[in-house]
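# A look at the structure
So you can see what is in the structure, the chains are spelled out below.
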Amino acid sequence: LTGVLDDCLCDIESIDDFNTFKIFPKIQKLQERDYFRYYKVNLKRPCPFWADDGHCSIKDCHVEPCPESKIPVGIKAGSSNKYSKAANNSKELEDCEQANKLGAVNSTLSNQSKEAFIDWARYDDSQDHFCELDDERSPDAQYVDLLLNPERYTGYKGPSAWRVWNSIYEENCFKPRSVYRPLNPLAPSRGGDDGESFYTWLEGLCLEKRVFYKLISGLHASINLHLCANYLLEETWGKPRWGPNVKEFTRRFDPVETKGEGPRRLKNLYFLYLIELRALSKVAPYFERAVVDLYTGNGHEDAESKALLLDIFRDTKSFHMHFDEKSMFAGDKKGAKSLKEEFRLHFKNISRIMDCVGCDKCRLWGKLQTQGLGTALKILFSEKEIQSLPENSPSKGFQLTRQEIVALVNAFGRLSTSIRELQNFKVLLQQTR
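Residues numbered from 1 in each chain as written. Predicted model: local features only at pLDDT ≥ 70, side-chain atom pairs only at ≥ 80, totals over all residues. Heavy atoms only, no water.

Spelled out, the test is: UniProt positions are given in the numbering used here, feature names are shortened, and annotations may be inferred rather than shown by experiment.
Under an unreviewed UniProt entry, the name given to the protein chain is ERO1B protein, and the organism recorded is Psophia crepitans. Recorded under Cofactor (unreviewed entry), the UniProt text for the protein chain is reproduced unchanged: "FAD". UniProt lists a comment for the protein chain under the heading Subcellular location (unreviewed entry), and it reads "Endoplasmic reticulum membrane".

Pasting the structure below:
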């Protein structure tokens, strides 16, 4: 994968170098800090678009603890009885333990953390917010420690996962009726309307609609990369071994296996990276004000977190091949305004589809990454408001909630990781040839 990306004057090699040497090490560090590692999310919201077919039944997706009655007596008794018949009947227990280990969203928090959150919430509530996020106050919303719940392969696939992506691509990406080929790269193609003719059509779309498709495709590619890079390779003696799965990576991205689509998907990942990178460089003035604190109650840590964040902003500003968002929505004012609104509503719909994801861990990361991208778009469309922010008071014109800030940084962190993992796969592929 080399050369210049479409719709921007930037080449892949420049992004690789910039990400590897400047962004990736710093954003990794930032994500480990308390302010950014805890994300509040409601994983119990019902799917608004179709009758929920229940959560994914694969053991690795389950968050259900084992009922006491299912645990064989021999195991409950500990080491005595170890070889009794009951002990051999332990398949169900193993499945449950697997479920807890792999798919369970680990929501255990120390009492200290819980008290800190109450304090943070008080501080957040005293700020003048630009928009209220509906999940925040729901009794079902809970804090999740993102470091304890890494995004990785859980085995969630099949009709339920397919329906989610299909709904995102077919119902929310812009597509004229004349195109029969499904937009969803997972869908089997119909008729002769395949491959190149699809991309010829895509190039014929207006920039904004083309960008929308690329953002969704880039997000999909990034999520697929995380799953390939953090795959359950083997389970020996109850100890799972996670790592890169070259075969899975090839299946999803190899030009031959994907009829030439794999490299396009990866280019869309780079495009999405550029969009979120641009948003970070644009939002810097918001955080540079003294009135904005990354508040956790620990003054020393908060100051360090803010210094690291501002350091990353300096790097993003130094990048010399940014995407130019001014080329978007630049037509006649009325048409541009309605297109922007359509863009916003389509994206909002996609964030709601995340409540239809059947695997809790996948739902957690899907919600976080769509919210992060949504926040990036909000920033790019609020340039004037950000530039006219008052130095010493919260602004009604533009405000970010803690949720949006955490999602923005972690979503960009995921893209940075994807591009880093892509370098690793290049090396692994060379070794296997």
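Now that the structure is up, let's keep going.
## Here we look at the state of the cysteines
Note on terminology: disulfide describes a covalent bond linking the sulfur atoms of two cysteines. What counts here: A pair of cysteine sulfur atoms is labelled a disulfide when the two atoms are within 2.5 Å. Helical segments are the DSSP runs of H or I of at least four residues, strand segments are the runs of E of at least two, and each set is numbered from the N terminus. Under the scheme applied here, a residue whose accessible area is under 20% of the maximum for its type counts as buried, over 50% as exposed, and between as partly exposed, the area being computed with a 1.4 Å probe on protein chains only.
For the coordinates displayed, the defined rule picks out 1 disulfide. With a sulfur-sulfur separation of 2.0 Å, C47 is cross-linked through a disulfide to C356. As the torsion about the S-S bond is roughly 75°, the C47-C356 disulfide counts as right-handed. Here C47 is found in the loop between strand 1 (38–41) and helix 3 (73–76), whereas its partner C356 is found in the loop between helix 13 (333–353) and helix 14 (360–380), with 309 residues between them in sequence. The same class applies to C47 and to C356, which are both buried.

## Section: the pattern of salt bridges
When the charged atoms of two side chains with opposite charge come close together, those side chains can pair. For clarity, the threshold we go by: Criterion for a salt bridge: a side-chain nitrogen of Lys or Arg within 4 Å of a carboxyl oxygen of Asp or Glu.
Overall, the coordinates contain 17 salt bridges when judged by the stated rule. A salt bridge links R344 to E341, with the shortest nitrogen-to-oxygen separation between them at 2.9 Å. Of this pair, R344 and E341 both sit in helix 13, 3 residues apart, roughly one helical turn. For R344, a relative accessible area of 43% corresponds to the partly exposed category. On the accessibility criterion, E341 (36% relative accessible area) is partly exposed.

## Describing unusual backbone geometry
The phi angle of most residues is negative, glycine excepted, and most peptide bonds adopt the trans form. The phi dihedral of K259 falls on the positive side, at around 50°, and the residue is not glycine. Tracing the chain through its elements places K259 in the loop between helix 10 (246–253) and helix 11 (261–288).

## Observations concerning the nonpolar core
Threshold: Side-chain atoms within 4.5 Å link the members of a nonpolar core, which is a set of buried Ala, Val, Leu, Ile, Met, Phe, Trp, Tyr and Cys residues. In what follows, residue pairs with any heavy atoms lying within 4.5 Å of each other are defined as contacts.
Formed by 102 residues in total, the largest nonpolar core has its most connected members in I15, L215, Y273, V283 and F287. At 15 residues, the largest contribution of residues to this core is made by helix 11. Not counting chain neighbours up to four residues away, the residues in contact with Y273 comprise I15, F18, N19, I23, F412, L415, S416 and I419.

## Observations regarding the pairing of strand 4 (residues 239–243)
Convention followed: For two strands to count as paired, DSSP must find a minimum of two bridges between them.
As judged from the 5 bridges shared by strand 3 (residues 231–236) and strand 4, these two strands associate in the antiparallel manner. Bridge pairing in strand 4 links E235 to P240. Taking the residues that link successive antiparallel strands as the turn, the strand 3-strand 4 hairpin has 2 residues, and the phi of W237 there is positive, at about 50°.

## Quick word on the packing of aromatic side chains
So the rule is basically this: Pairing of aromatic rings covers Phe, Tyr and the six-membered ring of Trp, with a centre-to-centre limit of 6.5 Å; geometry is then stacked below 30 degrees between planes, edge-to-face above 60, and tilted otherwise. Lysine and arginine charges are scored as sitting over a ring when NZ or CZ, respectively, is within 6 Å of the ring centre and within 35 degrees of the ring normal.
A full pass over the atoms with the stated rule returns 8 aromatic pairs. Ring centres of F18 and F319 lie 4.7 Å apart, and the angle between their planes is 45°; on these two criteria the pair is classed as tilted. With F18 in helix 1 (residues 12–31) and F319 in the loop between helix 12 (299–318) and helix 13, the pair connects residues that are 301 residues apart, well separated along the chain. This pair shows no difference in class: F18 is buried, exactly as F319 is. For the pair F249 and F253, a centre-to-centre distance of 5.3 Å together with 40° between the ring planes defines the contact as tilted. Placement of the pair is F249 and F253 together in helix 10, with a separation of 4 residues, close to one helical turn. Accessibility classification places F249 together with F253 in one group, the buried group. Grouped by ring-pair contacts, the aromatic residues Y286, F287, F313 and F398 constitute a single cluster. In this structure, K378 packs its charged tip against the face of F398, placed 5.7 Å from the ring centre.

## Some points on the UniProt feature "binding site: FAD" (unreviewed entry) in the protein chain
Here the UniProt feature "binding site: FAD" (unreviewed entry) sits at R152, T154, W165, S217, H220 and R252. Looking at the element boundaries, W165 is found in helix 7 (residues 159–172). The residue H220 is located in helix 9 (residues 207–229) in this model. Note on H220: relative accessible area 4%, which makes it buried.

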